[in-house]
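# Understanding the architecture of this molecule
So you can see what is in the structure, the chains are spelled out below.
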Amino acid sequence: MTVRILVPALIALVGLLGPGSAAARGIGDAEADSVRVHDSLRAASGTQRTDTVRSALPDSLREKLVPPAPPPVVVRTPRFSSFDTLITYFTSDRLSQKKLVAQSYIHDAGNYFRADPGFVELNYIITPMRKTVKPYNLSGNHLGVMENELALEAFDHVPEPDGLPDMDDVPTELDNDIFILPGVMGTLFGSRHNVATLLTRPIRPTPREAHSALLVDKGSYGFSYARAKYERSFANGRSIDLGLGYRNGAGYGLGYGDTSYAYDADILLPLGDRSGVRATGHLYNRGGYLAILSPDTATFNSRDRFDRSARVLFETYGSDGRSRSSFGYTHLRQGSSIGPDQPGEGYKGRFDITGHGVVGKRQWLQGKSVISISAEASRIEYDNAREKYARYHEDISIVWARPLATDKIALTAGVRSAERFGLMPNLAVVWKRESSGSMWLATVGYSEREPSLHELHLPIERAVVYDHTTGYAEIGNPNLGRERQMVGSIRGEVGTVGNSLAASVVGGRIWDAIDWRPTFESESGSLVFSPVNDNITFATATLTKDIQLLRLFSIRGGASYHYLDYASGRAKAYQPDYQAFGGGEFHVFWKQRLIHLYAYGEAVYLGPFDGYRQTGLGERVVFNTKVSFSMGNFQFYLVNLNVFNTVYADREYDDMPGNTLFWGFVWNFLD
């Protein structure tokens, strides 16, 4: 209770703190979320006004010979952003997935990981059903998602719960920069208690500049996916980022349909030269079916889920352009509805989450250091259609970074409080050194998290999901303890970008890891899913090679080995020990027609793994191709998945279809 009373007061104090008098030079407008004035306009503002010349002329000639004086040019104060500054200096093109995504294809955010064999990407069904990504082969909630400084925690519950978010539910409309950050590096940008982080960011337009695009995918089995975005910055400091997404898939059988809508916006409205209001919102709705298959039967569970998150901040900026303070309100509303409303033996689940909070942040430059202090207090209510549970959370964190030195180093520290679980500290260190010929990156961190209200209070549910020889049940665990983890990562890369060899190791220890485990209940003959605490030791070693031959040919290949040990000795499910990836693109420029022609091919290998009931999955190689051409701001492409009709299943008893075609285009029509 004491922490809950003190944190709101601390938030207000953080908003009033000053950056100190030693704000240094060295980080320019390019790293700030600033409104810049073109050099020609800056020069014009310093030239001699024509009023003296005009006054010396006769009235009859004054207006004819001398044009009217231009309006004065207002140079606005840059709006410092520690988020953009840290991205500029601590990320790298070597960590960016932007080029690889453009070469390959993207149907969902899970495809961002397809060229990194350190992450296990699995499909439920092809058009679309559910996509999961396991960082370093870990199941459970261990992957952070940061979309433009906003942490997204998509709530997804399905029969056979695994604690993994559905990557189909992560928005991609506004993404321009795409980074996969290893280990605890994501804590620099607001991610917390994760072993890896997906970080995305939209385009940052300069003043009077606009970017817009339309992306359309069509394919087999009624698949359609349209995304649109519009981003613009105005001379008066106003900026907008808008995204819209619509996806529909009929599937390759009755009961596989799926439809979703996504709306995203980030709008800044200036209230003067040194203040403004920033509003950020994410709206998502999805309806369809989820299939659970057995050797001779299949059950199709209707699914409807929504996600509403919003943040409204009042911001003030330092007169020197090297500080920013913000204070505001956050809102969260999530829901998941599974199964029919009418009575029967089928699965039924109704879950709702509502959250309200206040947040404050102060960020500034001190000498050659970037400092950011933030605090948040929130109340979360969980409704499982039988009972309601509420809990208060408080967070305080600080980031200190020195980005300008040869050895870039950053330190993050904080503490989180939750009712019943007390204070949970977190601490992380990030070190990076990069030149044109190499990059070295190391992270280490410790953090703790409390179990979610859903993991604690999921009510018992028994239903017919499998065939009649095996029952199904699920239930939360009110005795769960908090999870603690120590994670380290190291990456070395030699060579220039595009022609390099990289090796990385990520590993650690998770004490009382919260993980969903199925156990067989002999009395009822049911497979019962419930979250448990278990100690986990893990490590993933990855080796990748990039080759670039002029602008004609580029190749990327890599392989990973995953080590995973449960202290309880329980069996692993959907966790292969090794995997590999290889892809190459051939590019030709047709000068006479000003057309770029591309041909791309890839092979994805996944080692053997077992499911909950079926063994011997995986151990397959799938080949995919893509051909495309571009003219100016327009690109058309044709994607061919599973070229050789390989028979395989990512999920139990659910063979993926054979050769599948997709086509689409990208049109940047207002750049």
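Going by the structure above, here's the rest.
Residues numbered from 1 in each chain as written. Predicted model: local features only at pLDDT ≥ 70, side-chain atom pairs only at ≥ 80, totals over all residues. Heavy atoms only, no water.

Moving on, we come to the sheet that holds strand S3 (residues 143-147). Two orientations exist for strands paired in a sheet by backbone hydrogen bonds: parallel and antiparallel. Pairing is mixed in the open sheet, where 4 strands are placed in the order S4-S3-S6-S5. Only two strands of the sheet have a single partner each, and these edge strands are strand S4 (150-151) and strand S5 (177-182). In terms of strand pairing, S5 meets strand S6 (residues 196-201) through 6 bridges, oriented antiparallel. Each bridged residue has a counterpart across the sheet, and for aspartate 177 the counterpart in S6 is arginine 201. The strands touched by helix H5 (residues 82-90) are S5 and S6; relative to S6, the strand with the most contacts, the crossing angle is about 110°. (Pairing = 2+ DSSP bridges. Helix = DSSP H or I, 4+ residues; strand = E, 2+ residues; numbered from the N terminus. Contact = heavy atoms within 4.5 Å. Axes fitted to C-alpha atoms, helices over the stretch in contact; angles between N-to-C directions.)

Tyr112, Phe113, Phe119, Met167 and Phe538 are the most contacted members of the largest nonpolar core, which has 30 residues in total. Breaking this core down by element, the ones donating at least two residues are S3, S5, S6, strand S23 (499-521), strand S24 (526-549) and strand S25 (553-566). In this view, phenylalanine 119 contacts Phe113, Val133, Lys134, Pro135, Tyr136, Leu143, Ile180, Ala196 and Gln579; residues no more than four positions away in its chain are not counted. Counting 19 residues, the second largest nonpolar core, distinct from the first, contains Tyr89, Met185, Leu188 and Leu199. (Core = buried A, V, L, I, M, F, W, Y, C linked by side-chain atoms within 4.5 Å. Buried < 20%, exposed > 50% of the residue type's maximum accessible area, 1.4 Å probe, protein only.)

Right, let's get into the environment of histidine 356. Tracing the backbone shows histidine 356 in strand S14 (residues 349-366). Separated by 26 residues in sequence, histidine 356 and threonine 330 place their C-alpha atoms 5.8 Å apart. Those residues in contact with histidine 356, other than ones at most four positions away along the chain, are Tyr329, Thr330, His331, Ala377, Ser378 and Arg379. Looking at histidine 356, its side chain comes within polar contact range of the side chain of tyrosine 329, at 2.7 Å. (Polar contact = N/O pair within 3.5 Å; in protein donor to acceptor, adjacent residues only side chain to side chain.)

Our focus in this paragraph is the pairing of strand S19 (residues 438-449). Of the strand pairs in this sheet, strand S18 (residues 422-435) and S19 are connected by 10 bridges, and their pairing is antiparallel. The residue bridging arginine 433 from the neighbouring strand is tryptophan 440, located in S19. Here S18 folds back onto S19, and the loop between the two strands holds 2 residues.

Now for the side chain of aspartate 266. Structurally, aspartate 266 is set in strand S10 (residues 258-272). By relative accessible area, aspartate 266 is classed as buried at 8%. Here the side chain of aspartate 266 touches arginine 278 through a polar contact of 3.4 Å, side chain to side chain. Residues contacting aspartate 266, with those up to four places away along its chain left out, are Asn148, Ser239, Ile240, Asp241, Arg278, Ala279 and Thr280.

Here glutamine 579 lies in strand S26 (residues 578-590). Judged by relative accessible area, which is 8%, glutamine 579 ranks as buried. Here proline 117 takes part through its backbone oxygen, which lies 3.4 Å from a polar atom of the side chain of glutamine 579. In terms of polar contacts, glutamine 579 uses its side chain to reach the backbone carbonyl oxygen of phenylalanine 119, at 3.0 Å.

Everything listed here is a matter of coordinates, which is why it stays silent on function.
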